[in-house]
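Listed here are the chains, written in short residue letters.
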Amino acid sequence: MRGLVSIHTILYVFAFLYGAVVGSFVNVLIYRIPRKLNWVTGRSACPECAVTLKLIDLIPIVSYIILRGKCRYCGAKIPFRYTIVEMLNGLLYLAAFHRYGLTLYSLGWYIAMPALIALAFIDAEHRIIPDRFNIALAVAGLIMTISGEEAELMSRVIGIFAISVPFLAIAMISKGSAMGGGDIKLVAASGLCLGWQMNIVAVFIGSLLGSVYGVALMIMGKADRKSQIPFGPWLAAGIAISGMIGQLRF
Ligand SMILES: [Zn+2]
């Protein structure tokens, strides 16, 4: 069999490439939705010189390398974030394919992953989680529920409330300074995706990552105790990670 590539390997490569292509659409959402631009129609253009980009300029990851990170027409720097988002979604699709294959259940994760990436990057930049991404996550959760795989129905129903209600209480006590409405809706939607047990794991991982980041910022002198860092990106990371762990029963 030397020299031959197994179909399985090709499917892995395809999962990554497909994820990267979806990732380039996620880039469009990250840019356009907070700016209230039309994200359905309208060809991609350079934000600097407004030249409509050709297909060759829009190949995920590859175009960035060919163009050496600069707009072909005006030389403006292309943020490396675009490539990061494409690679991230490619890797998460690869992980979901490796973990769950091609099933109704995994379809839920193929919807959830780009929604999580989009809301993470939008929250990091604009401090807001647009509702539509939490809705997309809830739709993904419904698909996972219908599939009957992984978390049980009751665990998912409890999952919607088990963390969102305490979060809501924290938000009310702190008058919204410690917790935003977007975070509350996010953990409600992820509870449906993960079930209450893994949703707790998700929030734990997210809090851990967020604290490590916060402490790192303080050490570098870029933040102090009173600085606020958005929680959404870290929650999103926790949700994606615990989704790929799968059900731990405790
Ligand atoms: Zn340009």
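Refer to the structure above for everything that follows.
Residues numbered from 1 in each chain as written. Predicted model: local features only at pLDDT ≥ 70, side-chain atom pairs only at ≥ 80, totals over all residues.

1. Quick look at the nonpolar core
Grouped together as the largest cluster of nonpolar side chains are 57 residues, with contacts concentrated most on Ala112, Met113, Ala115, Leu116, Ile117, Ala118 and Leu119. Elements that contribute at least two residues to this core include exactly helix 1 (7–32), helix 3 (81–100), helix 4 (104–126), helix 5 (131–147), helix 8 (181–219) and helix 9 (232–245). Looking at this core, the element that brings in the most residues is helix 4, giving 13 residues. Summarising the domain contributions, this core has at least three residues from each of domain 1 (1–102) and domain 2 (103–250). Contacts of leucine 116, omitting those with residues within four sequence positions, involve Ala236, Ile239 and Ala240. (Core = buried A, V, L, I, M, F, W, Y, C linked by C-beta atoms within 7 Å. Buried ≥ 20, exposed ≤ 12 C-beta atoms within 10 Å, placed from the backbone. Helix = DSSP H or I, 4+ residues; strand = E, 2+ residues; numbered from the N terminus. Domains from an automatic or database assignment. Contact = placed C-beta atoms within 7 Å.)

2. Let's talk about helix 5
Here helix 5 contains 17 residues, and its C-alpha end-to-end distance of 24 Å stays within 8% of the 24 Å for a straight helix at 1.5 Å per residue. Among all positions in helix 5, only Phe133, Asn134, Leu137, Ala138, Ala140, Gly141, Met144 and Thr145 are buried. End-on, the buried residues of helix 5 take up no more than an arc of 155 degrees, which puts them together on one face. Facing away from the buried side of helix 5, by more than 90 degrees, are the exposed residues Asp131 and Ile146. The secondary structure elements touched by the buried residues of helix 5 are helix 4, helix 6 (153–162) and helix 8. Remark: glycine 148 follows helix 5 within two positions and exhibits a positive phi of approximately 75 degrees. (Expected span 1.5 Å × (residues − 1). Arc of directions from axis to C-beta.)

3. Structural notes on helix 3
Helix length check: helix 3, at 20 residues, gives a terminal C-alpha distance of 28 Å against a target of 28 Å (1.5 Å per residue), a fit within 8%. Those residues of helix 3 that fall on the buried side of the exposure criterion are Tyr82, Thr83, Val85, Glu86, Leu88, Asn89, Gly90, Leu92, Tyr93, Ala96, Phe97 and Tyr100. At its buried positions, helix 3 is contacted by helix 1, helix 2 (62–66), helix 4 and helix 9.

4. Quick word on the packing of helix 3 against helix 4
As a packed pair, helix 3 and helix 4 sit with axes 10 Å apart at the nearest point and diverge in direction by 155 degrees. Judged by the angle between their axes, helix 3 and helix 4 are roughly antiparallel. Considering how the two elements wind past one another, helix 3 and helix 4 form a crossing that is right-handed. Where helix 3 abuts helix 4, its residues Val85, Leu88, Asn89, Leu92, Tyr93, Ala96 and Tyr100 lie against Tyr105, Ser106, Trp109, Tyr110, Met113, Pro114, Ile117 and Phe121. Across the contact of helix 3 with helix 4, the residue classes tally to 13 nonpolar, 2 polar and no charged. (Axes fitted to C-alpha atoms, helices over the stretch in contact; angles between N-to-C directions. Parallel < 35°, antiparallel > 145°, perpendicular 65-115°, else oblique. Left-handed = near helix turned anticlockwise from the far one by under 90°. Nonpolar A, V, L, I, M, F, W, Y, C, P; charged D, E, K, R; others polar.)

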